[in-house]
Amino acid sequence: MSRLTDAHVALANEIIGRYPRPKSALVPLLHLAQEQDGYITRDAMVHIGELVGVTSAEVYGTATFYEMFKFEPVGKYVVNICGTMSCALMGSEELMHHAEQRLGIKAGGTTPDGMFTLEHAECQAACTEAPCLQVNYRYRYRLTPADLDELIDDLSAERLTHEIPPHGTVAKVRQHIPSHRGVGVVAPELVTESPAWLNGKAAL
Amino acid sequence: MTSSYLHAPGFIAGDRPKIVTSRFEYVDSYKIDRFIATGGYQGLRSALSRPAQTVHDDVKSATVLGRGGAGFPAGVKWGLTPQEVWPRYLVVNGDESEPGTYKDRLLMERDPHQLIEGCLIACYAAGLSQCFLYIRGEMAVAQERVAEALNEAYEAGYVGKNILGTNFSVDIVLHWGAGAYVVGEETALIESLEGNRGMPRLKPPFFPAANGLYGQPTIVNNVETLANLPWLMTNGVDAYTAIGTKTSPGTRMVAVSGHVVRPGVYEIVNGTTTFRDLIYGEEFCGGIRNGHALKAFVPGGGSAPWFTSDQLDLPFEGSQVGAAGSMLGSGAIMVMDETTDIPAAALTLTRFYAHESCGKCTPCREGGTWLERILSRVVDGKGTDADLAQLIEVGESICPGDFPHASNEALGLTAVPFPYKMTTICFVGPSAYVPVHSALTLFRSEFDARITKRTMIKVTAVGVSS
Ligand SMILES: Cc1cc2nc3c(=O)[nH]c(=O)nc-3n(C[C@H](O)[C@H](O)[C@H](O)COP(=O)(O)O)c2cc1C
Ligand code: SF4
Ligand code: FES
């Protein structure tokens, strides 16, 4: 368990091909691995190292810096409750307390059935909609404890699967650069001249 | 009249000039058809019909200020690249995570094509041959909208090879993070984009314009900064500078959160709108909730020293707010009413910065953690007088010398202008001390009360009682 699947290798190579230096693709590829397995496995890190040409230690070094990457299985739904100032002013501690009671776990824990992981999060760029949370990085705004109960009921009954994919998938849409339209990359050391359009006008 | 759009959560429109939010009223504002039907890509066409240098000159003479925090003029920044060093890159900072800040995410979710058009104009004007658009990892919908918009724009010939049939060719690559506030700092953003741990680089020598991505000249601009360019190109410098003031032209996106009647994101006229307008004005937040009184507010994101009602009449203008002891930062105002438990409120910010330290500098890594632990002891009612002295001592080892703060007549304080001195590489270290310093300076008695009582005070929710 669990190197990237062939389909993901193809996608990985497409992503790597957009950067002048392959290592730049590390974080996107780690997301791909997490999308595949729900968390980042050792084998995935070794495989990613092979794909971008760095050691697995370097992959691990980068991966551990970022909070979204998990190295052990987490719940299908990761619930992140914001606790930074604007949300705290509007009652996020009460919300967190309620979530802990309702799920029967402390922040940082996962329910025994593997459905929910609860986390204390920092500012989610939704401060005017406080208190807020994210489930697998999809927002819910201005929540009361009753709203939270309803959300957990809906998630438990799998009523929100159309909107909220299982943990690991962040964006459901990917960028694709069509080969006939893309400029393509050139290693910086091979570029010696200013771009063509800088000399005179672009001639529309 | 104010109106809020359900499809743009938090955004409140008004009878004011709209430079970057003009399409928010449409439910499908993020689609290319809507974009083009409402004047989209006209700014790019206009730019491409002129020599790149004149486009650059326009951005300079319009004084488009950076909206990411430092307020540096974009046109001037583009001119700081060393002569004849190629290639040069554009890195778009969409990592929005400064406490209180909510605007770049709206701009990416609601009008991704406007941002793409802005990126193209910048690349054309400054001769940047590839663009990396870095979106915060936790913003799933923003990533989807920008990916979809880029796919549409490539197909339609607005991005990629020979754009609109000209010799202007540039790829825009969507890149995304994985959760780390400090990556919003421009040199950390570049480290992260190179596949490394997102730790800031020492400046100097690593000013990105000279030595950035892959060691090449690199322009880092905020999402909102770039979103201004299409309007500027379509409507011209005079129209742009006719809005706002000479030093702060145009508009700004401002998020007002906390204890106000109508928290929201507003596009305001730059330089003239005052904090009083924003907090009390009927076309803005409509005053403090439940008829309460204002206690304090953070004027420019979590790193900004706090203001009180004494500073309400200051306009949203960088140099005046700086001289008064704070900063405009990222356009984020957090309002605290009289019910707020000040030490507990300060702790939520100090905890943030302590938690987000990348660990590279000792004063930030250790000092931030110390500040958080001591302050949380005080908030829990277990603190001593020595703790308060220690908070100040630790803070002064992160930022030695006079610390910026606002004037306060009641406390006999005169303003110490922003910015501060620091012993760290980036502003995360000092930012951990800012809330402690502001809270202790302005509301010392609340800390003393916690200590003399020596009882456990149970804090359930900060300022929630009403
Ligand atoms: C700790 C720290 C965090 C920052 N976070 C952001 C951010 O999330 N978004 C942003 O645009 N700028 C952020 N900045 C400012 C950037 O370093 C940089 O100045 C800005 O992106 C430049 O764009 P502008 O000139 O268009 O404002 C941050 C700075 C620091 C010190
Ligand atoms: S100040 Fe803090 S976050 Fe910034 S570089 Fe130093 S340790 Fe890292
Ligand atoms: S403080 Fe919670 S979203 Fe910003």
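Basis of the calculations
- Residues numbered from 1 in each chain as written.
- Chains lettered and ligands numbered in written order.
- Predicted model: local features only at pLDDT ≥ 70, side-chain atom pairs only at ≥ 80, totals over all residues.
- Heavy atoms only, no water.
- Helix = DSSP H or I, 4+ residues; strand = E, 2+ residues; numbered from the N terminus.
- Buried < 20%, exposed > 50% of the residue type's maximum accessible area, 1.4 Å probe, protein only.
- Contact = heavy atoms within 4.5 Å.
- Near = heavy atom within 4 Å.
- Polar contact = N/O pair within 3.5 Å; in protein donor to acceptor, adjacent residues only side chain to side chain.
- Areas by Shrake-Rupley, 256 points an atom, 1.4 Å probe, with all protein chains shown as cover.
- Nonpolar A, V, L, I, M, F, W, Y, C, P; charged D, E, K, R; others polar.
- Salt bridge = Lys/Arg side-chain N within 4 Å of Asp/Glu carboxyl O.
- Domains from an automatic or database assignment.
- Buried area = accessible area lost by both parts, 1.4 Å probe.
- Pairing = 2+ DSSP bridges.
- Axes fitted to C-alpha atoms, helices over the stretch in contact; angles between N-to-C directions.
- Core = buried A, V, L, I, M, F, W, Y, C linked by side-chain atoms within 4.5 Å.
- Parallel < 35°, antiparallel > 145°, perpendicular 65-115°, else oblique.
- Left-handed = near helix turned anticlockwise from the far one by under 90°.
- Phe/Tyr/Trp six-rings, centres within 6.5 Å; stacked < 30°, edge-to-face > 60°.
- Lys NZ or Arg CZ within 6 Å of the ring centre and 35° of its normal.

What to know about the overall build of chain B
Right, so step 1: Each helix and strand counted, chain B has 18 helices and ten strands in total.
Right, so step 2: Burial analysis of chain B (466 residues in total) assigns 65% to the buried set.
Right, so step 3: Across chain B, every contact between residues at least 6 apart in sequence was considered, and the portion connecting residues at least 24 apart equals 70%.

So, the site of ligand 1
Residue and element names in this part refer to chain B.
Right, so step 1: Around ligand 1 there are 18 residues in total, and Gly68, Lys77, Asn221, Asn222 and Thr225 lie nearest to it.
Right, so step 2: Within the side chain of Asn93, a nitrogen or oxygen atom sits 2.9 Å from an oxygen atom of ligand 1.
Right, so step 3: Between Glu186 and ligand 1, the recorded distance is 3.0 Å, taken from a backbone N or O atom to an oxygen atom.
Right, so step 4: Its free accessible area being 620 Å², ligand 1 has 89% of it covered by the protein chains.
Right, so step 5: Here the element with the most residues in the shell around ligand 1 is strand β6 (residues 218-222); it accounts for three residues.
Right, so step 6: Within the shell around ligand 1, the residues separate by chemical class into four nonpolar, eight polar and six charged.

Digging into the pattern of salt bridges
Right, so step 1: In total, this model carries 37 salt bridges over all chains according to the counting rule given.
Right, so step 2: For Asp154(A), the salt bridge goes to Arg159(A), with nearest N and O atoms at 2.9 Å.

What to know about the side chain of Gln143(B)
Right, so step 1: Summarising the element assignment, Gln143(B) is placed in helix α7 (residues 140-155).
Right, so step 2: Judged by its relative accessible area of 2%, Gln143(B) is buried.
Right, so step 3: Within polar-contact distance, the side chain of Gln143(B) engages the backbone oxygen of Arg136(B) at 2.9 Å.
Right, so step 4: Excluding residues that lie within four positions of it along the chain, Gln143(B) makes contacts with Val170(A), Ala171(A), Ile135(B), Arg136(B), Gly137(B), Glu138(B), Leu174(B) and Trp176(B).

Comments concerning the domain arrangement of chain A
Right, so step 1: For chain A, the domain assignment lists domain 1 (6-63) and domain 2 (77-156).
Right, so step 2: The centre of domain 1 of chain A, based on its C-alpha atoms, is set 30 Å off from the matching centre of domain 2 of chain A.

Here's the deal with the domain arrangement of chain B
By convention, interface size is frequently given as the accessible area that disappears when the constituent parts associate.
Residues and elements named next belong to chain B.
Right, so step 1: Split into domains, chain B comes out as domain 1 (1-15 + 245-338), domain 2 (32-241) and domain 3 (342-466).
Right, so step 2: Relative to domain 2, the C-alpha centre of domain 1 lies at a distance of 26 Å.
Right, so step 3: Taken together, the contact pairs 21 residues of domain 1 with 19 residues of domain 2.
Right, so step 4: Interface area, domain 1 with domain 2, both sides summed: about 1,600 Å², of which 55% is carbon and sulfur.
Right, so step 5: When the area that domain 1 buries against domain 2 is broken down by residue, the three leading residues are Pro249, Met253 and Ser330, summing to 32%.
Right, so step 6: At the boundary of domain 1 and domain 2, one finds zero salt bridges.
Right, so step 7: Top element by residues in the side of domain 1 that touches domain 2 is strand β7 (residues 251-258). It accounts for four residues.

Details of the pairing of strand β9 (residues 294-298) of chain B
Residues and elements named next belong to chain B.
Right, so step 1: Burial of β9 is extensive: five of the five residues sit out of reach of the surface.
Right, so step 2: Here β9 runs beside strand β10 (residues 332-337); their pairing, made up of four bridges, is antiparallel. Looking at the pairing, Phe297 lines up with Val335 of β10.

Comments concerning the sheet that holds strand β5 (residues 171-176) of chain B
Residues and elements named next belong to chain B.
Right, so step 1: Strand order in the open sheet formed by four strands is β5-β4-β3-β6, with parallel pairing between adjacent strands. A strand with exactly one partner marks an edge of an open sheet, and here the two such strands are β5 and β6. Here the average twist between neighbouring strands, direction ignored, is 20°.
Right, so step 2: Note: strand β4 (residues 130-135) against β5, six bridges, orientation parallel. The partner of Tyr134 across the bridge, within β5, is His175.

Quick word on the interface of chain B and chain A
Right, so step 1: Chain B puts 102 residues into the contact, and the matching count from chain A is 73 residues.
Right, so step 2: When chain B packs against chain A, close to 7,000 Å² is buried across both sides, 60% of that on carbon and sulfur atoms.
Right, so step 3: Between chain B and chain A we count one salt bridge in total.
Right, so step 4: A salt bridge links Glu144(B) to Arg138(A); the shortest N-O distance between them is 2.7 Å.
Right, so step 5: The element that contributes the greatest number of residues to the side of chain B that touches chain A is α7(B), accounting for ten residues.

So, the nonpolar core
Right, so step 1: In this structure, Leu29(A), Met85(A), Trp306(B) and Met336(B) are the most contacted members of the largest nonpolar core, which totals 91 residues.
Right, so step 2: Grouped together as the second largest cluster of nonpolar side chains are 80 residues, Ile32(B), Leu107(B), Ala125(B) and Val159(B) included.

Some points on the environment of Pro230(B)
All names here are of chain B.
Right, so step 1: Summarising the element assignment, Pro230 is placed in helix α10 (residues 229-235).
Right, so step 2: Along the sequence, Pro230 and Pro205 sit 25 residues apart, while their C-alpha atoms lie 33 Å from each other.
Right, so step 3: Contact partners of Pro230, with chain neighbours within four places excluded, come to Gly43, Gln114, Glu117, Gly118 and Ile121.

Topic: the packing of helix α1 (residues 6-16) of chain A against helix α3 (residues 42-52) of chain A
All names here are of chain A.
Right, so step 1: Contact geometry for α1 and α3: axes closest at 11 Å, N-to-C directions at 45°. The orientation of α1 with respect to α3, classified from their angle, is oblique. For the pair α1 and α3, the sense of crossing is right-handed. Here Val9, Ala12, Asn13 and Ile16 of α1 come into contact with α3, specifically with His47, Leu51 and Val52.

What about the packing of α1(A) against helix α2 (residues 26-37) of chain A?
A packed helix pair is summarised by two numbers, namely the angle formed by the two axes and the spacing between the axes.
Residue and element names in this part refer to chain A.
Right, so step 1: For the pair α1 and α2, the least separation of the axes is 10 Å and the interaxial angle reads 165°. Compared by their axis directions, α1 and α2 come out roughly antiparallel. Considering only the axes of α1 and α2, their crossing is right-handed. For the pair α1 and α2, the contacting residues are His8, Leu11, Ala12, Ile15 and Ile16 in the first and Pro28, Leu29, Leu32 and Gln36 in the second.

A word on the packing of aromatic side chains
We describe a pair of aromatic rings using the distance from one ring centre to the other and the angle between the two ring planes.
Right, so step 1: This model, assessed by the stated rule, comprises 24 aromatic pairs over all chains.
Right, so step 2: Taking 4.8 Å as the distance between ring centres and 75° as the angle between the ring planes, the aromatic pair formed by Phe35(B) and Tyr41(B) counts as edge-to-face. Of the two residues, Phe35(B) and Tyr41(B), both sit in the buried class.
Right, so step 3: Seen in terms of ring centroids, Phe352(B) and Tyr353(B) are 4.9 Å apart; in terms of plane orientation they differ by 80°. Their pairing is edge-to-face.
Right, so step 4: Following the ring pairs from residue to residue traces out a cluster consisting of Tyr19(A), Tyr89(B), Phe132(B) and Tyr214(B).
Right, so step 5: Taking NZ or CZ as reference, Arg34(B) lies 4.0 Å from the ring centre of Tyr26(B), over its face.
Right, so step 6: Lying across the ring of Trp86(B), Arg88(B) places its NZ or CZ 3.9 Å from the centre.

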